[in-house]
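Secondary and tertiary structure notes
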Amino acid sequence: MSALGAVLKRRIAAGGPIQVAEFMAECLLHPEYGYYSTRDPLGAAGDFTTAPEISQMFGELVGLALAQGWIDQGRPAPLALAEAGPGRGTLMADILRATRAVPGFHAALSLHLVEASPPLRRAQAAALAPFGITPHWHDAFSGLPDLPLFFVANEFFDALPIRQFIRAAAGWCERRVGLGKGGTLAFGVGDPAALPALAHRLADTRPGDMVEICPAAPAAIHEVTARISARGGLALIIDYGDWRSLGDTLQAVRGHAPVDPLACPGEADLTAHVDFEALACARAAGTAHSRLVPQGVWLERLGIAERARRLAAGLSGVGRDSHLRAYRRLTHPEEMGTLFKVLAFHPEGAPPPAGFAP
Ligand code: SAH
């Protein structure tokens, strides 16, 4: 058992079972032992690989989509370019490189990163240093400035802690992490309890079903869309999940393989599928959301095939093979193309953002 596992077992022994959200929050962000507090988990040598780490094309197209939104809205200046959970800073570096040629964009922007992990903040500082734009780091979304906001989050919302509720005969019961036989961490179910606001997704449940809610997500979306409503802008949320998903989606990954979420607290990545309908419902008045579009379709509409062909023309041998594999990985329905989805928020009445045409 990990050091954090011992901490959590003592806490549960003293105070009783804890919410799945508390378990997840401690595993990911405990100041001393949390997964993100202590390491850079990304890439081949880490635990998982994300779209921007697969190919530069991902960040280039995200950057051009954001810049197109800025142009379509009349090039407001100054503007805030912002990202939540920027990982190693790769996506933002590709965004900045791809938008260098957009007249006036860099000169008008300030850069804002919402990031909780000290080691990843250091990695982001190093990745973004060549662009000569000093990032402002924020612990919370409330720190984002009151400016037209051009925002992206890739694989951020899946890292926010979730609570899980099971529909039992007697009512909704919360799943908790307690101690099982031999004192190991084990899932259990509490007594029926009042359910937090879940109205948008109770109608389609049956006895035995599990629903998940992510308490921090609506507040984050509200902070972002309130600025877009008041000042203009565009938000792109990219993650795995669905418009409405049902069942237990909590998963742990270590060394690129699934592991038991309770087995090694603080040493595996923990995520849950994103409930995009819950995000859409949390938007501020005066903003609209796009359709939920599969990542592969969105990237194809933005021209990834043409970009892939151009890059391939300058490559040969294994470099070309791995570039073409990366293109397939980002777009193919059997890889990331369908599992990952993109949702946009924009001011009501603004032109629909690039890649979301009906
Ligand atoms: N977007 C990056 C990294 C995804 S990993 C990529 O696509 O490669 C998740 C990121 O979110 C990490 O940078 C992690 O440190 C950050 N993160 C997780 N929970 C957070 C929270 N509650 N507040 C701020 N950042 C958080």
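Here the structure is a predicted model, which is why all the values come from computation and not from measurement. (Residues numbered from 1 in each chain as written. Predicted model: local features only at pLDDT ≥ 70, side-chain atom pairs only at ≥ 80, totals over all residues. Heavy atoms only, no water.)

Some points on the packing of aromatic side chains
- All chains considered together, the criterion is met by seven aromatic pairs.
- On the basis of an interplanar angle of 50 degrees and a centroid distance of 6.0 Å, the ring pair of F141 and F151 is categorised as tilted. Taken together, the residues F141 in the loop between β4 (136–138) and β5 (149–154) and F151 in strand β5 connect sequence positions 10 residues apart. In this pair, the class of F141 matches that of F151, namely buried.
- Taking 6.0 Å as the distance between ring centres and 45 degrees as the angle between the ring planes, the aromatic pair formed by W298 and F356 counts as tilted. Of the two residues, W298 sits in helix α11 (residues 295–301) while F356 sits in the segment after β17 (340–347), which places them 58 residues apart along the sequence. Neither W298 nor F356 differs from the other in exposure class; each is buried.
- R175 extends its terminal NZ or CZ atom over the ring of F187, reaching a point 3.6 Å from the ring centre. (Phe/Tyr/Trp six-rings, centres within 6.5 Å; stacked < 30°, edge-to-face > 60°. Helix = DSSP H or I, 4+ residues; strand = E, 2+ residues; numbered from the N terminus. Buried < 20%, exposed > 50% of the residue type's maximum accessible area, 1.4 Å probe, protein only. Lys NZ or Arg CZ within 6 Å of the ring centre and 35° of its normal.)

Comments concerning the environment of T38
- Residue position: T38 is located in helix α3 (residues 35–38).
- Spatially, the C-alpha atoms of T38 and G266 are 8.8 Å apart, while their sequence positions differ by 228 residues.
- Setting aside residues up to four positions removed in sequence, T38 forms contacts with E32, Y33 and P119.
- A distance of 3.3 Å separates a polar atom in the side chain of T38 from a polar atom in the side chain of R39. (Contact = heavy atoms within 4.5 Å. Polar contact = N/O pair within 3.5 Å; in protein donor to acceptor, adjacent residues only side chain to side chain.)

Looking at the pairing of strand β9 (residues 210–213)
- The side-chain alternation of β9 yields two buried faces, one formed by M210 and E212 and the other by V211 and I213.
- Sheet analysis places strand β6 (residues 163–168) next to β9, joined by four bridges and oriented antiparallel. When the sheet's bridge partners are listed, I166 is paired in β9 with M210. (Pairing = 2+ DSSP bridges.)

With respect to the side chain of H106
- By the element assignment, H106 lies in helix α7 (residues 105–108).
- Within the structure, H106 has its side chain in polar contact with the backbone oxygen of L96 (distance 3.1 Å).
- Beyond its immediate sequence surroundings of up to four residues, H106 is in contact with L96, T99, R100 and I133.

Let's talk about the domain arrangement of the protein
- Domain parsing of the protein yields domain 1 (3–17 + 162–213) and domain 2 (37–161 + 214–347).
- Using C-alpha coordinates to define each centre, domain 1 is positioned 30 Å away from domain 2.
- Of the residues lining the interface, 20 residues belong to domain 1; the matching set on domain 2 comes to 19 residues.
- Of the roughly 1600 Å² buried between domain 1 and domain 2 on both sides combined, carbon and sulfur atoms contribute 60%.
- The interface formed by domain 1 and domain 2 includes one salt bridge.
- Close ionic contact of R175 with D248 constitutes a salt bridge, the shortest N to O distance being 3.3 Å.
- Linking domain 1 with domain 2 are four residue pairs in polar contact (both at pLDDT 80 or more).
- Those elements that provide at least two residues to the side of domain 1 that touches domain 2 are α1 (3–15), β6, β7 (171–179), β8 (185–192) and β9. (Domains from an automatic or database assignment. Buried area = accessible area lost by both parts, 1.4 Å probe. Salt bridge = Lys/Arg side-chain N within 4 Å of Asp/Glu carboxyl O.)

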